[in-house]
Amino acid sequence: MPDPLAVLPAVQAFPSSSPFRIDQVMAAPVAMYGLFLALLLLAALMSWAAWHQRLRLWRTLALLLLALVVVFFTLASWGTSDITKLSHDLPFDLSRVRGEPFWTVLAPLVARLPYRMAFMHGLVVAGYAAVPLLLARLWQARVWGGWWSLLIVFSPLLRNFLQNGVSRQALMTLLLLPLLLWAARLARPGRWLLVLSTGLAATVHTSFPLTLSLALVPRLVAPGSLVRLRWQRLLPVAVALVLLVALAAPHALDKLRVYSSLESYFPTYALRPEVIRLQLAMGLAVVLASWRRRLGFRYWLTCGSSRSLAMFALFFGLLQLSLQWNLLAPITSRLVDPVGFYLLILWLGWLQRQRCLWAAVPALVVTLDAWLLGRLLESFSLACGSNDEFLCIPDRWPWQVRY
């Protein structure tokens, strides 16, 4: 009698090295172009609705934009290595998220999501898209809200986070944003929001200590900030932060050792031409706003928001040099996206304070142009199934996927 198992198709073992996605993907450039153009249309309609004071319509369009961001990035990130590894491993092997309790607890839920970690990544990117919408509402700049969302989620500064599927570190960086907004005095998040978001961030990714330090930089460089601090209030906050850092430090140090001694690969997206063009466009916005507001060198020395912006611009430049010269690049490359994200937020906040939001248009044009005539156009030649590429989407419905 023949063995019944002999008639079953052979099941390949999951790859042990990149690229991990070897099947169940396809290229659909026309469909992804359509989704991208739909996002542009929604952003334009949101500007129209805000201009005509149709606030209910603006909120509805904002929700539609966030939903479309989830769809776009869920599909587009399906073929990337980090997404594939976690979608495959989380249901039964939690070693990849050692030291990250958030993902240990969430693993059963992720295993039940459509497209698993790809859908989770879409939700994380939607969180990034929601931040500019909330800031636009807070700053009474709803006309720009939709465009700012696209500026953030499609920014070449965040390519590793949002287009390589580095969801865990991206979520941790996002959770520390309220702390950055408080430190830079761009918003006044409630005390409990700061406590909950910072505490949760400590459980999400082992790079928490370094990113926490970045989020506190604006408060440290503000003029006279240390003099004005009330030490009675600072002490319990400092103790709590030390405990959170201690929670993540052992695993962070272990990962630091691996990256510094064993890891040789590092992404070089920060050196690409579109990043340089975006930096120039952001610099142009600062120059135009400074000229329009007649800001001198003395202002830059005494203004806390200007100091913070200059500091993060310097940080990003130093990270680019480390990648260019291969100086601790496997470590510094992991800081490019957190610094880039906080730089974008501080830059928008600085323009808002100068009442020169129009100066962000060149940066928006550079960002969207890099997609319309770059990423999406290149997707027509993607060899999906041969490599772990962003914009290689699933070729079947969620319930038909084999993990």
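Report on the accompanying structure. (Residues numbered from 1 in each chain as written. Predicted model: local features only at pLDDT ≥ 70, side-chain atom pairs only at ≥ 80, totals over all residues. Heavy atoms only, no water.)

1. As for the overall build of the protein chain
- The number of helices and strands found in the protein chain is 19 helices and two strands.
- Relative to its 403 residues, the protein chain shows a buried fraction of 52%.
- For the protein chain, the exposed area adds up to about 19,700 Å²; of that, 67% sits on carbon and sulfur atoms. (Helix = DSSP H or I, 4+ residues; strand = E, 2+ residues; numbered from the N terminus. Buried < 20%, exposed > 50% of the residue type's maximum accessible area, 1.4 Å probe, protein only. Areas by Shrake-Rupley, 256 points an atom, 1.4 Å probe, with all protein chains shown as cover.)

2. Re unusual backbone geometry
- Although it is not a glycine, Gln-53 adopts a positive phi angle of roughly 60°.
- Tracing the sequence through the fold places Gln-53 in the loop between α1 (29–51) and α2 (55–76).
- With phi around 55°, Arg-294 is a residue other than glycine that occupies positive phi space.
- Mapped onto the secondary structure, Arg-294 falls in the loop between α14 (273–293) and α15 (297–302).

3. Section: the side chain of Arg-142
- By secondary structure assignment, the location of Arg-142 is in helix α6 (residues 142–153).
- Put simply, Arg-142 is tucked away with no salt bridge, and the nearest opposite charge, on Asp-337, sits 29 Å away.
- Setting aside residues up to four positions removed in sequence, Arg-142 forms contacts with Ala-50, Leu-55, Trp-58, Ala-136 and Arg-137. (Lys, Arg positive; Asp, Glu negative; His and termini not counted. Salt bridge = Lys/Arg side-chain N within 4 Å of Asp/Glu carboxyl O. Contact = heavy atoms within 4.5 Å.)

4. Examining the environment of Arg-54
- Summarising the element assignment, Arg-54 is placed in the loop between α1 and α2.
- If we skip the residues at most four places from it in the chain, Arg-54 touches Trp-48 and Ala-49.

5. Brief notes about the pattern of salt bridges
- All chains considered together, the criterion is met by five salt bridges.
- Between Lys-85 and Asp-82 there is a salt bridge, and its shortest N-O distance comes to 3.4 Å. One end of the pair is Lys-85 and the other is Asp-82, both in helix α3 (residues 81–89) and three residues apart, which spans about a single turn.
- Overall, the relative accessible area of 18% leaves Lys-85 in the buried class.
- Residue class for Asp-82 comes out partly exposed when judged on its relative accessible area of 24%.
- Linking Asp-395 and Arg-396 is a salt bridge whose minimum nitrogen-to-oxygen distance equals 2.7 Å.

6. Topic: α1
- Between its first and last C-alpha, α1 extends 33 Å over 23 residues, near the 33 Å set by a 1.5 Å rise per residue.
- Where α1 terminates, the next one or two residues include Gln-53, which has phi positive at roughly 60°. (Expected span 1.5 Å × (residues − 1).)

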